[in-house]
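Each chain, written out:
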Amino acid sequence: MSKLLFNSIEIQTDSNKFKINKDFNIKNRFFELKKIYFYKFAVLIIFFVYIKYNILKEYNLYDKIGKKMYSTYGYLSFNKLDEIYYGMKIDDSKFNHIHISMAFNKNYYLLSSVTIASLLENSSNTTFIHIHIISVENFVYSTMKKLNSLKYKINNNSEFIFYNGKEAEIDFGLQTKKELRGLGEYARLLSLKLINKTDRIIVIDSADLIIKADLLELYKYPLDNFIFRGTIDPFTPCCDCFFFHKKNFINGGVILFNLKLCKEKNLYQKAVKFYNKFRNTGKFCTPYQDILNHFIPAKLMGFLPLRFNMQGYADIKENNISNSNYNLLYNRKCSVFYNKVSTIQKEEKKLVIRHYNKFKVYEGNGDKLKEEWKYYANKTGFYKEICKNYPKAC
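Residues numbered from 1 in each chain as written. Predicted model: local features only at pLDDT ≥ 70, side-chain atom pairs only at ≥ 80, totals over all residues. Heavy atoms only, no water.

**Thoughts on the side chain of H132**
Along the chain, H132 turns up in strand β6 (residues 127–135). The exposure class assigned to H132 is buried, which follows from its relative accessible area of 3%. In this structure, H132 is in contact with H99, I100, S101, M102, I161, Y163, I195 and I201, ignoring residues within four places of it in sequence. (Helix = DSSP H or I, 4+ residues; strand = E, 2+ residues; numbered from the N terminus. Buried < 20%, exposed > 50% of the residue type's maximum accessible area, 1.4 Å probe, protein only. Contact = heavy atoms within 4.5 Å.)

Pasting the structure below:
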């Protein structure tokens, strides 16, 4: 008989028969292995927690700096924040630069994201877009980050700059619920005061536009000595609520401002003074465009071709849009504006901006226009959220 020892397993040989010594305790060995794997698993957990903690710490620090910049200076450029935090500076010297401004609150950011998505999607590779957003009421930092994410999803040749629009509420002395609901309109005028480093700016509606082409042509449109240029509005001159009628009433959906001239003439301060003088007349229906049309002399107001602000009715019959305002197009009072449908259709072929105006697609108007709007809504990354809040659009 002989004994062989193999890794603590004792085997006895006797007449070519093997007998395993039962002294080897399998149960103890199992617990030893279990203990080893438990320690390894614990180490992995600690490692992942450490990594996650540091990543969150980094993001928290990034956000902390961003919030501090916004509260301290009253505005925040995420490109500048990236430059400060990551050392990432974009070389934008090779681009054509355009500046665009809009104003809205947190409740409108989903609709506004569709407009912004169309803007980014249809911009040329050689165009760099500075998007200035005047944030009002319940606008929060997380919403700013969501909107800034659009440039990574669609077009990185852009910069999002957010401004605190609280100043408009104070300057215009807004107090009633009706006035505060229109805060976004008053805040658009803040673009003329807050935005610098450019001599011109396009101020657009926050929700009812789809940008169909690069806006460089509009941005570089000759301003001459005009304070601003815009397209004629075929609807508002026919209404009875305005402070006084004006033959060539310009729509406020898309305005190209001569920012240099606006600052020289202190246009923002004069607009505030004009509004406060007539605020109790009850005749301001759409404060932003009413103020622009009524206190700026006609000789300082220029016009734009319809293609830069086509107000959603060129193919109105084709789209089965049901709205009584359609008749205004052919109303005698309005015949001076769009007296030929052929003129509209000609402009439609080279359309740059479609303005849904009275026919809000997200309220379910117009099959063709609805599909166009949904296409850009899908580009935002917020489509499910948009459908939840505006089910008729989906």
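**Here's the deal with the layout of surface pockets**
In this structure, the second largest pocket spans a volume of roughly 840 Å³. Forming the walls of the second largest pocket are 27 residues, and the residues nearest its centre are S77, K80, E159, I161 and K197. Secondary-structure elements contributing two or more residues to the lining of the second largest pocket are α1 (26–73), β4 (75–77), α2 (78–86), β6, α5 (150–153) and β7 (158–164). At 5 residues, α2 tops the list of elements feeding residues into the lining of the second largest pocket. Across the lining of the second largest pocket, the residue classes break down as 12 nonpolar, 7 polar and 8 charged. (1 Å grid on protein atoms, 1.4 Å probe; cavity = no way out; pocket = protein on both sides within 12 Å on 5 of 7 lines; lining within 4 Å. Points joined across faces, edges and corners; volume = space filled by probe spheres on them. Nonpolar A, V, L, I, M, F, W, Y, C, P; charged D, E, K, R; others polar.)

**Focus on the confidence of the model for the protein chain**
Per-residue confidence for the protein chain averages 78 on the pLDDT scale, and 73% of its residues sit at or above 70. When the elements of the protein chain are averaged for pLDDT, strand β1 (residues 2–6) gives the smallest value, 43, and strand β8 (residues 200–204) the largest, 97. This stretch, residues 240–245, has a pLDDT under 50; its non-local contacts, to residues over four places away or in other chains, come to 19 contacts. Here residues 314–341 is a poorly scored stretch, pLDDT under 50, and it has 48 contacts once near neighbours within four places are set aside; other chains count. (pLDDT = per-residue confidence, 0-100.)

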